[in-house]
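Overview (structure and organization)
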Amino acid sequence: MTADPTPEATPGGQVTIVLDRKKVSVVRKPDETLLESARRAGLSPPFSCEAGNCGTCMGKVLEGHATMRVNDALEDDEVEEGYILTCQATPDTDSISVTYDD
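Residues numbered from 1 in each chain as written. Predicted model: local features only at pLDDT ≥ 70, side-chain atom pairs only at ≥ 80, totals over all residues. Heavy atoms only, no water.

1. So, the pairing of strand 7 (residues 95-99)
- Counted residue by residue, strand 7 has four buried out of five residues, so it is predominantly covered.
- Strand direction decides the pairing type here: strand 1 (residues 14-19) and strand 7, joined by five bridges, are parallel. Paired with Gln14 across the bridge in strand 7 is Ser95.
- Sheet topology places strand 3 (residues 58-63) next to strand 7; three bridges connect them, and they run antiparallel. Residue pairing in the sheet places Val61 in a bridge with Val98 of strand 7. (Buried < 20%, exposed > 50% of the residue type's maximum accessible area, 1.4 Å probe, protein only. Helix = DSSP H or I, 4+ residues; strand = E, 2+ residues; numbered from the N terminus. Pairing = 2+ DSSP bridges.)

Written out as structure tokens, the structure reads:
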């Protein structure tokens, strides 16, 4: 039996959020939405319905990729430009960077 050589490693990757010109990062957790990650990072991101209907939580992916569970607010061209509903988006990549400031 061998010990894990890097017990402090973060296999889940990293979520970086930019809000009000403040940039914070937290360890990525499985199935956690980007909105939940932002709140866990100590930020107060905009949101309202948390159901993918209103668009209040819209952010833009700067690096990485995320998939939205539900999208009843954004147009196809907005999604193509990298915009997401953070209340419904979960990261598909180990690391992701999202801004609310764009």
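2. A few points about unusual backbone geometry
- Positive phi values are uncommon outside glycine, yet Arg21 reaches one of about 65 degrees.
- Looking at the element boundaries, Arg21 is found in the loop between strand 1 and strand 2 (22-27).

3. Some remarks on the packing of aromatic side chains
- Following the criterion strictly, the structure yields zero aromatic pairs and no others.
- The side chain of Arg39 reaches across the aromatic face of Phe47, ending 4.7 Å from its centre. (Phe/Tyr/Trp six-rings, centres within 6.5 Å; stacked < 30°, edge-to-face > 60°. Lys NZ or Arg CZ within 6 Å of the ring centre and 35° of its normal.)

4. Things to note about the pairing of strand 3
- Summarising the sheet, strand 3 and strand 5 (residues 83-85) pair through three bridges and their orientation is antiparallel. When the bridges of strand 5 are listed, Met58 appears paired with Leu85.

5. Examining the sheet that holds strand 3
- On the basis of which strands lie adjacent, the open sheet formed by five strands has the order 2-1-7-3-5 and mixed pairing. Because the sheet does not close on itself, it has two edges, and the strands there are strand 2 and strand 5. Neighbouring strand axes in the sheet, compared pairwise and without regard to direction, differ in orientation by 30 degrees on average. (Axes fitted to C-alpha atoms, helices over the stretch in contact; angles between N-to-C directions.)

6. Notes on the nonpolar core
- If you look at the biggest cluster of nonpolar residues, it comprises 22 residues, and the most contacted ones within it are Ile17, Leu34, Ile84, Ile96 and Val98.
- Taken together, the elements giving at least two residues each to this core come down to strand 1, strand 2, helix 1 (34-40), strand 4 (66-68), strand 5 and strand 7.
- Those residues within four positions of Ile84 in sequence are excluded, and the remaining contacts are Leu34, Cys57, Met58, Gly59, Val61, Met68, Leu74, Ala89 and Val98. (Core = buried A, V, L, I, M, F, W, Y, C linked by side-chain atoms within 4.5 Å. Contact = heavy atoms within 4.5 Å.)

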